[in-house]
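Here are the chains, one letter per residue:
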Amino acid sequence: MRIRDHRSDDEPDINLVPLIDVILVLIIFFVVTATFDARSVLKLELPRATGEPASDPAKALIVLVNAEGRYFVDDREVLRSDVESLKSTISEVAGTDRDRPVMLRADARTPYQAVVTVYDALGQLGFRKVMNATAPQTREAAESAK
């Protein structure tokens, strides 16, 4: 009598349907959470600037912050983005004149922390006359505000 080995007939089988279902649910979850936009929740109206230009912007120290958060003092670029590097560059360009007005020109897409860093550096150095450069209000925006 021959004894047959039944173990070779019972090969393990992996059912892929539940695995595909779980992966599909995870993909949907990540797509929904990744496309959440906070701007659609908060409706903000940014302030508009109307007024007279500064009296003598030619002698003002100009600090520019671009959209990537890089700093420029007059024509010199600040190599690092920390407060101490910004302070040393401002001190080199401005000298000892702390009564000189400062014109801060920041791109609209500039990270807020970069603007706060400029204010921090100017305050630590003793500058008190800081002006913010803004674009003039457009005619369409003025009419929609009425």
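Residues numbered from 1 in each chain as written. Predicted model: local features only at pLDDT ≥ 70, side-chain atom pairs only at ≥ 80, totals over all residues. Heavy atoms only, no water.

**Focus: the nonpolar core**
Stage number 1. Core analysis: the largest hydrophobic core is formed by 19 residues, its most contacted members being Leu61, Tyr71, Leu86, Ile90, Val118 and Phe127.
Stage number 2. When residues of this core are traced back to their parent elements, those giving at least two are β1 (61-65), β2 (71-73), α2 (83-94), β4 (102-106) and α3 (112-125).
Stage number 3. Ranked by residue count, the leading element in this core is α3, at 6 residues. (Core = buried A, V, L, I, M, F, W, Y, C linked by side-chain atoms within 4.5 Å. Buried < 20%, exposed > 50% of the residue type's maximum accessible area, 1.4 Å probe, protein only. Helix = DSSP H or I, 4+ residues; strand = E, 2+ residues; numbered from the N terminus.)

**Here's the deal with the sheet that holds strand β3 (residues 76-77)**
Stage number 1. With mixed pairing, 5 strands are arranged side by side in an open sheet as β3-β2-β1-β4-β5. Unpaired on one side and paired on the other, β3 and β5 (130-132) mark the two borders of the sheet.
Stage number 2. Across 3 bridges, the pairing between β4 and β5 is parallel. Note on β5: the bridge partner recorded for methionine 103 is methionine 131. (Pairing = 2+ DSSP bridges.)

**Observations concerning the environment of lysine 87**
Stage number 1. Tracing the chain through its elements places lysine 87 in helix α2.
Stage number 2. Residues lysine 87 and glycine 123, spaced 36 residues apart in sequence, show a C-alpha to C-alpha distance of 9.8 Å.

**Describing the pattern of salt bridges**
Stage number 1. Evaluated as defined, the whole model comprises 5 salt bridges.
Stage number 2. Residue arginine 70 is joined to glutamate 77 by a salt bridge in which the shortest nitrogen-to-oxygen separation is 2.0 Å.
Stage number 3. According to the relative accessible area criterion, arginine 70 is partly exposed, its value standing at 41%.
Stage number 4. Here glutamate 77 falls in the partly exposed class, since its relative accessible area comes to 33%.
Stage number 5. Between aspartate 74 and arginine 100 there is a salt bridge whose closest N-O contact spans 4.0 Å. Here the residue aspartate 74 occupies a position in the loop between β2 and β3, and arginine 100 occupies one in the loop between α2 and β4, the gap between them amounting to 26 residues. (Salt bridge = Lys/Arg side-chain N within 4 Å of Asp/Glu carboxyl O.)

**With respect to the side chain of lysine 87**
Stage number 1. With a relative accessible area of 16%, lysine 87 lands in the buried category.
Stage number 2. If we skip the residues at most four places from it in the chain, lysine 87 touches Ala121, Gln124 and Leu125. (Contact = heavy atoms within 4.5 Å.)

**A word on the pairing of β4**
Stage number 1. Relative to β4, β1 runs parallel, the two being bridged by 5 bridges. Each residue of the ladder has a partner; that of leucine 61, found in β4, is valine 102.
Stage number 2. Considered for its hand, the β-α-β crossover made up of β4, α3 and β5 is right-handed. (Right-handed = clockwise from strand over helix to strand, strands pointing away.)

**Here we look at the confidence of the model for the protein chain**
Stage number 1. Here the protein chain shows a mean pLDDT of 77. Residues at 70 or above account for 69%.
Stage number 2. Confidence, read as mean pLDDT per element, is least for helix α4 (residues 139-145) in the protein chain (58) and greatest for α3 (90).
Stage number 3. A low-confidence stretch, residues 38-47 (pLDDT under 50), is modelled with 1 contact involving residues beyond four sequence positions or located in other chains. (pLDDT = per-residue confidence, 0-100.)

**Let's talk about the packing of aromatic side chains**
Stage number 1. Per the counting criterion, the structure on display carries 1 aromatic pair.
Stage number 2. Arranged with centres 5.5 Å apart and planes meeting at 65°, the rings of phenylalanine 29 and phenylalanine 30 form a pair that is edge-to-face.
Stage number 3. You can call phenylalanine 29 partly exposed: its relative accessible area is 49%.
Stage number 4. Classification of phenylalanine 30 by relative accessible area gives exposed; the value is 52%. (Phe/Tyr/Trp six-rings, centres within 6.5 Å; stacked < 30°, edge-to-face > 60°.)

**A short note on α2**
Stage number 1. Taking 1.5 Å per residue as the helical rise, α2 with its 12 residues ought to reach 16 Å, and the 16 Å between its terminal C-alpha atoms agrees with that figure.
Stage number 2. Where α2 is concerned, the buried positions are Val83, Ser85, Leu86, Lys87, Thr89, Ile90 and Ala94.
Stage number 3. Where α2 is buried, its residues meet β1, β2, β3 and α3.
Stage number 4. Glycine 95, located one to two residues past α2, shows a positive phi value of around 75°. (Expected span 1.5 Å × (residues − 1).)

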